[in-house]
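Coordinate analysis (summary)
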Amino acid sequence: SFVALCSLNLSAEEERGEKFVYVMSNKSSHNSVVQYIRRNNGTLEWRGEVPTGGRGTGATGVDPLGSQDSLVLSGDGHLLLAVNAGSNELSVLEVKDDRLRWRDKEWSGGVFPNSVALSGDLAYVLNAKGNTPNITGFRLDPEGFIEEIPGAKVALPPGTAGANDIRFSDDGTKLLVTVSGTNQILVFEVGDDGVAGAPTPQVSAGASPFGIRFGRNGIAVVSEAAGSASSYN
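Residues numbered from 1 in each chain as written. Predicted model: local features only at pLDDT ≥ 70, side-chain atom pairs only at ≥ 80, totals over all residues. Heavy atoms only, no water.

1. Topic: the sheet that holds strand β15 (residues 184–189)
Spelled out, the test is: Any two strands with at least two DSSP bridges between them are considered paired. Helix numbers and strand numbers start at the N terminus; a helix is a DSSP run of H or I with at least 4 residues, a strand a run of E with at least 2. Axis lines are fitted through C-alpha atoms, for helices just across the contact stretch, and the angle between N-to-C directions can take any value from 0 to 180 degrees.
Taken in spatial order, the four strands make up an open sheet running β13-β14-β15-β16, and their pairing is antiparallel. Looking at the sheet topology across the chains shown, the edges are occupied by β13 (163–168) and β16 (200–203). Pairs of neighbouring strands in the sheet enclose a mean axial angle of 20°, with direction left out of account. Across four bridges, β15 lies against β16 in antiparallel orientation. The residue of β16 that forms the bridge with Gln184 is Val203.

So, in structure tokens, the structure goes:
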């Protein structure tokens with residue numbers, strides 16, 4: 001059902017007056033993205049469903065991925081990035097002529113990719129599990145093809161558990177990662193070459209930091225699964 005799909009992840013776009021909503025299914029057999037038209041009265045009309053070319057995890061609990069931003073829309077609204085946590089891949093889909101189509105797929109660089117961040121043509125995937133959880137960087141060309149950046153794989157600190165979200169600062173010079181399992185926020189400096197440096201951990205102001213958004217003047221707002229939110233400059 002739509003409600004079950006919506007609980008996983010959702011992105012929205014407006015093009016030539018039409019509004020769209022995208023929902024990732026996270027199906028274990030074949031992950032997919034569903035496109036809806038959003039009418040002015042708020043109702044949704046099914047437009048189509050496109051496979052990502054990878055696998056999700058299926059309905060394993062209330063929040064199977066334990067993450068935010070597993071489906072991300074580019075700034076111009078023409079490309080969608082989707083993680084495939086069941087097959088350890090990152091997929092790119094293109095919006096063309098108001099229709100969604102598959103473009104490319106690459107190994108995510110680790111195990112259990114559950115979140116992806118995008119700044120211009122630079123994308124970073126959060127691989128939250130395995131022996132060494134990490135973030136891995138990719139370049140995205142205008143046609144929607146992706147390629148891993150050499151040297152852009154950075155391990156999370158030893159003992160990291162429960163990484164939930166990865167997000168670029170507005171200027172693209174920093175990456176933030178929330179880790180609810182250890183109540184930390186990791187800050188990565190990103191060089192001009194797109195390669196992220198080693199993380200600087202800091203203790204979260206609230207318990208179980210989860211989702212990240214940036215507001216005015218570079219202020220980061222972090223939602224906390226314990227039932228609160230905190231802001232940082």
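2. Digging into the environment of Gly211
Here Gly211 shows up in strand β17 (residues 209–214). As a C-alpha pair, Gly211 and Leu90 span 121 residues in sequence and 20 Å in three-dimensional space.

3. Digging into the sheet that holds strand β18 (residues 220–224)
An order of β17-β18-β19 is seen for the three strands of this open sheet, with the pairing classed as antiparallel. Looking at strand neighbours, the two that pair on one side only are β17 and β19 (228–232), the edges of this open sheet. Strand-to-strand twist in this sheet, taken as the mean axis angle between neighbours without regard to direction, amounts to 25°. In this sheet, β19 lies alongside β18 in antiparallel orientation, the contact comprising five bridges. Residue pairing across strands places Val222 opposite Ser230, the latter belonging to β19.

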